[in-house]
Amino acid sequence: MQRPRILVVEDDARSQRLFRDILELAGYDVCQARSVEEGRCRLRDAVPALVVMDIQLPGGGGELLLSEMREDPLLPRIPVIAVTAFAMAGDRQRLIQAGFDGYISKPIDTRSFAETIAAILEEHANGQ
Ligand code: MN
């Protein structure tokens, strides 16, 4: 069976490495982008099973890329998880309202990160 592909859009090199290491260890095929523009390119290369999306990104931010994805008739409805350092009261609700399927605050909990991703993939597979 093919490993599910996860696209990580994150401009911070340390976070990129950490997310990739955790997700590869959990058995995913990880591809990476460091800006909104690179994210657009990767999405054209291959449709991932899920996107892990930083919010503060060069080229417009994670919310812009998410809205483009949702408006793209050629792109299937894949889950997008927001990852952000500015975890303030109301952020979670705002991001979920913006259309993200989940929210993880930085610094991430390295133990539960892959479990959270797996749970969202499973929910999506079950049509929730
Ligand atoms: Mn960032």
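In case you missed it, the structure is sitting above this.
So, here is what we can say about the structure in this document. These numbers were taken from a predicted model, which means no experiment stands behind them.

1. Some words on the overall build of the protein chain
- For the protein chain, the helix and strand inventory stands at five helices and five strands.
- Written out in order from the N terminus, the α and β elements of the protein chain read β-α-β-α-β-α-β-α-β-α.
- On C-alpha atoms alone, the protein chain measures out to a radius of gyration of 13 Å, which is about the 14 Å that the 2.2 N^0.38 rule sets for 128 residues.
- Counting only C-alpha atoms and orienting by the principal axes, one finds that the protein chain spans roughly 40 × 35 × 30 Å.
- Expressed as a percentage of its 128 residues, the buried residues of the protein chain come to 41%.
- Of the roughly 7,200 Å² of accessible surface on the protein chain, 49% is carried by carbon and sulfur atoms.
- Each charge class in the protein chain can be summarised by its mean position, and for the 15 positive and 20 negative side chains these summaries are 3 Å apart.

2. Structural notes on the side chain of threonine 84
- By the secondary structure assignment, threonine 84 is in strand β4 (residues 80-84).
- When residues no more than four places from it in sequence are discounted, the contact partners of threonine 84 are Ile55, Leu95, Tyr103, Ile104, Ser105 and Lys106.

3. So, the nonpolar core
- Counting 20 residues, the largest nonpolar core has Val9, Val51, Met53, Met69 and Phe100 as the members making the most contacts within it.
- Counting only elements with at least two residues in this core, the list comes to β1 (5-9), β2 (29-33), α2 (36-45), β3 (50-54), α3 (62-71) and β4.
- If you tally residues by element for this core, the top one is α3, at three residues.
- The contact partners of valine 9, leaving out residues within four places of it in the chain, are Ala33, Ser35, Gly39, Val51, Val52, Met53, Asp54, Leu57 and Leu65.

4. Examining the pattern of salt bridges
- Per the stated rule, a full pass over the model turns up 12 salt bridges.
- Taking the shortest distance from any N to any O, the salt bridge between lysine 106 and glutamate 10 comes out at 2.9 Å. On the criterion of sequence distance, the pair formed by lysine 106 in the loop between β5 (102-105) and α5 (113-125) and glutamate 10 in the loop between β1 and α1 (13-25) is long-range, its members being 96 residues apart. Each member of the pair lysine 106 and glutamate 10 is classed as buried.
- The salt bridge partner of aspartate 54 is lysine 106, with a shortest N-O separation of 3.4 Å. Separated by 52 residues along the polypeptide, aspartate 54 in strand β3 and lysine 106 in the loop between β5 and α5 bring together distant segments of the chain.
- The network of salt bridges with shared partners includes Glu10, Asp54 and Lys106.

What counts, and where the lines are drawn
Residues numbered from 1 in each chain as written. Predicted model: local features only at pLDDT ≥ 70, side-chain atom pairs only at ≥ 80, totals over all residues. Heavy atoms only, no water. Helix = DSSP H or I, 4+ residues; strand = E, 2+ residues; numbered from the N terminus. Rg over C-alpha atoms; globule rule 2.2 N^0.38 Å. Buried < 20%, exposed > 50% of the residue type's maximum accessible area, 1.4 Å probe, protein only. Areas by Shrake-Rupley, 256 points an atom, 1.4 Å probe, with all protein chains shown as cover. Lys, Arg positive; Asp, Glu negative; His and termini not counted. Charge placed at Lys NZ, Arg CZ, Asp CG, Glu CD. Contact = heavy atoms within 4.5 Å. Core = buried A, V, L, I, M, F, W, Y, C linked by side-chain atoms within 4.5 Å. Salt bridge = Lys/Arg side-chain N within 4 Å of Asp/Glu carboxyl O.

This is a description of form; function is not addressed.
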